[in-house]
Structure formats: structure tokens, C-alpha cells
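Here are the chains, one letter per residue:
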Amino acid sequence: MKSLDDDKGEEIVSIPLAGKSSIADYMVIASGRSSRQVGAMAQKLAERIKKEFGRPVRIEGLPVADWVLIDADDVIVHLFRPEVRSFYNLERMWAFGDEPSTGSA
């Protein structure tokens, strides 16, 4: 989340998935103002995860970058342009009545 905040990501939320899904422990969702920003945030985050945790990540959605998915095993990150994020509304789908946590920590 800090990497996304550093890159001026907007509306960054983290949704705990424990007990809801076996795909990951957390889902992080953020927006970028443009496809270019979304793509840059995704590439930088993938590089940071590889450098700091020694694990490669899988990225889908480049080079269009309207919606980029980063699979880092225990954390799934979705980066959107605002219009695309609003259309899919993943926070509502995955929160199941829980409030997603927000912040820049």
C-alpha cells in the first residue's frame, strides 16, 4: 500500500479475504488517474515486490492498463482507471458487508 501511495495512487483500500476465499489473504484495490499511471504503478510495484521479498509476481492487463491485476500469491492487487473501477465495483463484491480498510500505511 505504501508503494501505491508513493506513486500517487488514489482511493487505496485493503480487503481481508481470510475466511472468504482461498485465492489470497488480502486484496488491495487502487486507482490511477490514467492508463499510463496505472501501468507505471503496476510495474513499479511488481519490481518492488521482487526486490524486497524475492518473489516474482504475475501481471495481467498491460499494456492497455485500464485494469491491471498483480498476483503476489498471498496478496492480489487490482489497479484501475477510475471509470473502470466504478463499473466493476470490486470493493462491494468482496467486502460482503465488511468495511474495507483504507489508508496509506
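Parameters at a glance
Residues numbered from 1 in each chain as written. Predicted model: local features only at pLDDT ≥ 70, side-chain atom pairs only at ≥ 80, totals over all residues. Heavy atoms only, no water. Salt bridge = Lys/Arg side-chain N within 4 Å of Asp/Glu carboxyl O. Helix = DSSP H or I, 4+ residues; strand = E, 2+ residues; numbered from the N terminus. Buried < 20%, exposed > 50% of the residue type's maximum accessible area, 1.4 Å probe, protein only. Patch = residues over 30% accessible without salt bridge, like charges linked within 9 Å, V, L, I, M, F, W, Y side chains within 5 Å. Areas by Shrake-Rupley, 256 points an atom, 1.4 Å probe, with all protein chains shown as cover.

(A) Seen up close, the pattern of salt bridges. All told, the structure shown has 11 salt bridges when counted by the stated rule. Of the charged contacts, one joins Asp-6 and Lys-2 as a salt bridge, the two residues approaching to 3.1 Å between their closest N and O atoms. With Asp-6 and Lys-2 both in helix H1 (residues 2–6) and four residues apart, the pair spans about one turn of that helix. What makes Lys-2 partly exposed here is its relative accessible area of 45%. Here Arg-58 makes a salt bridge to Asp-71, at a shortest N to O gap of 3.0 Å. With Arg-58 in strand S3 (residues 58–60) and Asp-71 in strand S4 (residues 67–71), this residue pair connects regions lying 13 residues apart in the sequence. By relative accessible area, Asp-71 is classed as buried at 19%. Among the charged side chains, a network of salt bridges with common partners joins Lys-2, Asp-6, Arg-48 and Glu-52.

(B) Layout of the environment of Phe-53. The topology assignment puts Phe-53 in helix H2 (residues 35–53). With relative accessibility at 56%, the residue Phe-53 sits in the exposed group. C-alpha of Phe-53 to C-alpha of Ala-72: the two residues are 19 residues apart in sequence and 10.0 Å apart in space.

(C) Geometry of a nonpolar patch on the surface. Side chains of Trp-67, Phe-87 and Tyr-88 sit close together on the surface and give an oily, nonpolar patch of about 340 Å² of accessible area. By secondary structure assignment, the location of Tyr-88 is in helix H3 (residues 82–88). Looking at Tyr-88, the relative accessible area reads 38%, which means it is partly exposed.

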